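Chain and residue survey
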Amino acid sequence: MDTNTTAHHGNRKVMNRFDVTQRLVARLHKNEAVIGGIGNTNFDLWMAGQRPQNFYMLGSMGLACPIALGVALAQPGRGVVALEGDGSLLMQLSCLATIGTLKPKNLLILVMDNACYQITGSQPTATASNVDLVGVARASGLESSHWAADEPSFEHLVERCLAEPGPHLIAVRIDGKSATGSTERDPVAIRQRFMRGISTAA
Amino acid sequence: MDAAASRPWHVVLHAVLKSNKVRLFTYVPDRVLTPLIKIAHDDPDLLTLVATREEEALGIVTGAYMGGMLGVVAMQTSGFATIPNALASLAVPYQIPLLMIVSERGTLGEFNLGQAMVCRTMRPVLDALGIETHTITRLDELEFIADRSIQQAVMTQAPVALILSPLLTGGKVFRS
Ligand SMILES: Cc1ncc(C[n+]2csc(CCOP(=O)(O)OP(=O)(O)O)c2C)c(N)n1
């Protein structure tokens with residue numbers, strides 16, 4: 001079932017979260033920190049390989065980008081990636097205003113837009129009708145905000161965004177599938193592993 | 001303590017943050033906090049930023065802590081009322097030394113019923129989450145309480161709330 005067919009999506013290909021996450025992880029060569037948002041984004045990040053530089057958010061819906069911003073401010077020499085669902089980003093949309101104002105060079109936001117709140121029953125989000133999150137991000141001061149047209153376009157965008165000063169945002173249309181597994185749920189272990197993972201030079 | 005007593009509360013608090021190696025100051029504005037916010041912005045060694053929501057500030061400070069930068073969230077009572085979910089699902093279970101400075105509205109001469117109601121929700125939430133909380137009413141106790149509480153938060157990896165009473169700050173009063 002694909003309800004992800006609104007005008008602002010044009011001919012963009014509908015991709016898959018796990019596949020796209022694997023393609024991202026394969027392009028992380030500098031111990032970049034990755035913050036997985038609530039539910040599916042952190043589950044598929046976990047399934048794509050448990051890098052010590054990954055942080056898995058078990059609650060706090062909408063805070064993947066703020067957490068990533070905090071890491072980016074504390075470690076300006078390290079690339080930081082936030083993985084967020086469209087529903088989660090819509091909940092904390094104003095974080096784009098903060099990021100667009102501070103303009104951290106080392107931050108990349110990756111939005112997995114399935115046009116619904118998949119994990120709670122696939123109720124449609126506002127991106128299913130008229131909201132274009134790339135447009136919102138651009139208007140918030142993230143000039144380098146892009147839709148990925150297909151998988152090769154996604155890979156090219158990731159490589160460019162990791163190499164050039166940001167902040168950047170890449171949005172991907174994805175299908176309505178759930179994640180391929182789930183994360184171990186021990187918050188203290190997650191934090192300690194992450195802190196060790198980003199304690200050495202990037 | 002005499003020297004401390006002659007300095008205003010915001011100067012004392014800023015000095016305590018500095019001596020405890022706080023390098024990030026996030027806030028959502030509050031009238032009473034204005035002098036503290038100003039001194040933070042004027043300090044070139046402190047990264048001071050305004051967040052759009054207190055929850056967002058909590059996320060930023062959490063990420064910064066994990067990246068090696070200690071930070072604080074300064075907010076008003078009504079701002080605190082927006083963060084219980086983020087406290088309960090992020091700061092507390094992940095054991096983050098989240099430093100919270102709350103300017104207390106809603107008591108000791110409050111003129112807005114909404115603020116008074118919001119204020120009543122704050123301490124029960126902090127108690128329910130088992131968060132170390134101190135209400136600071138006296139200038140001569142400010143340095144000791146703030147300094148020791150921040151040290152404890154860092155050493156025990158736990159959030160702490162420092163509530164600044166109108167007895168300390170003067171609060172916000174109605175002027176007709
Ligand atoms: C504050 C808050 N409100 C609601 C929920 C319930 N909830 C958990 S995940 C989720 C949907 C997330 O949607 P999205 O970010 O688009 O990710 P998807 O599930 O589509 O992958 C919701 C509504 C929650 N956990 N916290």
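This text goes with the structure placed above it.
All values reported here derive from a predicted model rather than from experimental measurement.

This paragraph deals with the overall build of chain B. Along the backbone of chain B there are nine helices and six strands. For chain B, the C-alpha radius of gyration of 15 Å lies close to 16 Å, the compact-globule estimate for 176 residues. Projected onto the principal axes, the alpha-carbon positions of chain B cover approximately 45 × 40 × 25 Å. Of all 176 residues assigned to chain B, the portion counted as buried reaches 53%. For chain B, the proportion of contacts with a sequence separation of at least 24, taken over those separated by at least 6, is 75%. Accessible area for chain B stands at about 7,400 Å²; split by element, carbon and sulfur atoms hold 55% of it. The positive charge centre, built from 14 side chains, and the negative charge centre, built from 16, are 4 Å apart in chain B.

Attention shifts here to the side chain of A:S145. Counting through the fold element by element, A:S145 comes out in strand 7 (residues 144–147). Polar contacts involving the side chain of A:S145 include one to the main-chain carbonyl oxygen of A:L142, which spans 2.7 Å.

The next subject is the layout of surface pockets. Where empty space is left can be seen by rolling a probe of water-molecule size over the atoms. Residues and elements named next belong to chain A. By volume, the largest pocket is sized at about 370 Å³. Lining the largest pocket are 23 residues, with K30, E32, G79, L162 and A163 sitting closest to its centre. No other element matches the five residues that helix 7 (residues 151–163) contributes to the lining of the largest pocket. In terms of residue class, the lining of the largest pocket is built from eleven nonpolar, five polar and seven charged. Lining the second largest pocket we find 18 residues, and of these I38, S88, Y117, Q118 and I119 sit closest to its centre. Those elements that provide at least two residues to the lining of the second largest pocket are helix 2 (40–47), helix 4 (86–91) and strand 5 (116–117). Ranked by the residues each element gives to the lining of the second largest pocket, the list is headed by helix 4, at three residues.

The next subject is the interface of chain B and chain A. Contact residues are listed per partner, giving 25 residues for chain B and 29 residues for chain A. Summing the contributions of chain B and of chain A, the shared interface buries around 2,100 Å²; its carbon and sulfur component is 66%. The largest share of the area that chain B buries against chain A comes from B:E56, B:M66 and B:Y94, three residues that together contribute 33% of it. Where chain B meets chain A, there are zero salt bridges. Counting only elements with at least two residues in the side of chain B that touches chain A, the list comes to strand 2 (47–50), helix 4 (54–66) and helix 6 (84–91) of chain B. Here the side of chain B that touches chain A is composed, by residue class, of 13 nonpolar, nine polar and three charged.

Quick look at helix 3 (residues 64–74) of chain A now. Most of helix 3 of chain A sits out of view: eleven of its eleven residues are buried. Listed as buried for helix 3 of chain A are A:A64, A:C65, A:P66, A:I67, A:A68, A:L69, A:G70, A:V71, A:A72, A:L73 and A:A74.

The subject of this paragraph is the site of the ligand. By nearness alone, 16 residues border the ligand, and A:N40, A:G87, A:S88, A:C116 and A:Q118 come closest of all. Residues within reach of the ligand are spread across chains A and B. A:D86 places a polar side-chain atom, nitrogen or oxygen, 3.1 Å from an oxygen atom of the ligand. A:G87 is positioned with one of its backbone polar atoms (N or O) 2.8 Å from an oxygen atom of the ligand. Surface burial for the ligand is 74%, taken as the share of its 590 Å² of free accessible area covered by protein chains. With respect to the pocket detection grid, the ligand is positioned in the second largest pocket. Looking at the shell around the ligand, the element that brings in the most residues is helix 4 of chain A, giving four residues. In the shell around the ligand, the residues fall into six nonpolar, eight polar and two charged.

Analysis parameters
- Residue positions are given per chain, counting from 1 as you read along its sequence in written order.
- Key to labels: chains lettered from A, ligands numbered from 1, both in the order written.
- Local features in a predicted model are, by the rule used here, given only for residues with pLDDT of at least 70; side-chain atom pairs are given and counted only at 80 or more, and totals for whole chains, interfaces and linings are based on all residues.
- Side-chain measures here rest on the full set of heavy atoms in the structure, leaving out hydrogens and waters.
- Strands here mean DSSP runs of E at least two residues long; helices mean DSSP runs of H or I at least four residues long; both are numbered from the N terminus.
- Two things to know: the radius of gyration comes from C-alpha atoms, and the globule rule equals 2.2 Å times the number of residues to the power 0.38.
- Relative accessibility thresholds used throughout: buried, under 20% of the residue-type maximum; exposed, over 50%; partly exposed, between the two (1.4 Å probe, protein chains only).
- Only heavy atoms enter the contact rule, under which two residues are in contact if any of them lie within 4.5 Å.
- Shrake-Rupley sampling with a 1.4 Å probe provides the accessible areas, and residues are treated as covered by the protein chains on show and by no other component.
- The charge count includes Lys and Arg as positive and Asp and Glu as negative, but it does not include His or the ends of the chains.
- Charged side chains are reduced to one point each, which is NZ for Lys, CZ for Arg, CG for Asp and CD for Glu.
- For the purposes of these results, a polar contact is taken to be a pair of N or O atoms within 3.5 Å, where, inside protein, one atom must be able to donate a hydrogen and its partner to accept one; residues adjacent in sequence count only when each atom of the pair is a side-chain atom.
- The method works on a 1 Å grid over the protein atoms by themselves. A cavity is a set of points holding a 1.4 Å probe that cannot get out, a pocket is an open set with protein on both sides within 12 Å along at least five of seven lines, and residues with an atom within 4 Å of a point line them.
- Grid points are joined across faces, edges and corners, and a volume is the space filled by probe spheres set on the points.
- Three classes are used, and their members are as follows: Ala, Val, Leu, Ile, Met, Phe, Trp, Tyr, Cys and Pro are nonpolar, Asp, Glu, Lys and Arg are charged, and the others, Gly among them, are polar.
- When two components associate, each loses some accessible surface as probed by a 1.4 Å sphere; the sum of these losses over both components is called the buried area.
- Any Lys or Arg side-chain nitrogen found within 4 Å of a carboxyl oxygen on Asp or Glu counts as a salt bridge.
- Throughout this document, a residue counts as near a molecule or strand when at least one of its heavy atoms sits within 4 Å of that molecule or strand.
- Assignment to a cavity or pocket requires that more than half of a molecule's atoms be within 2 Å of the site's grid points.

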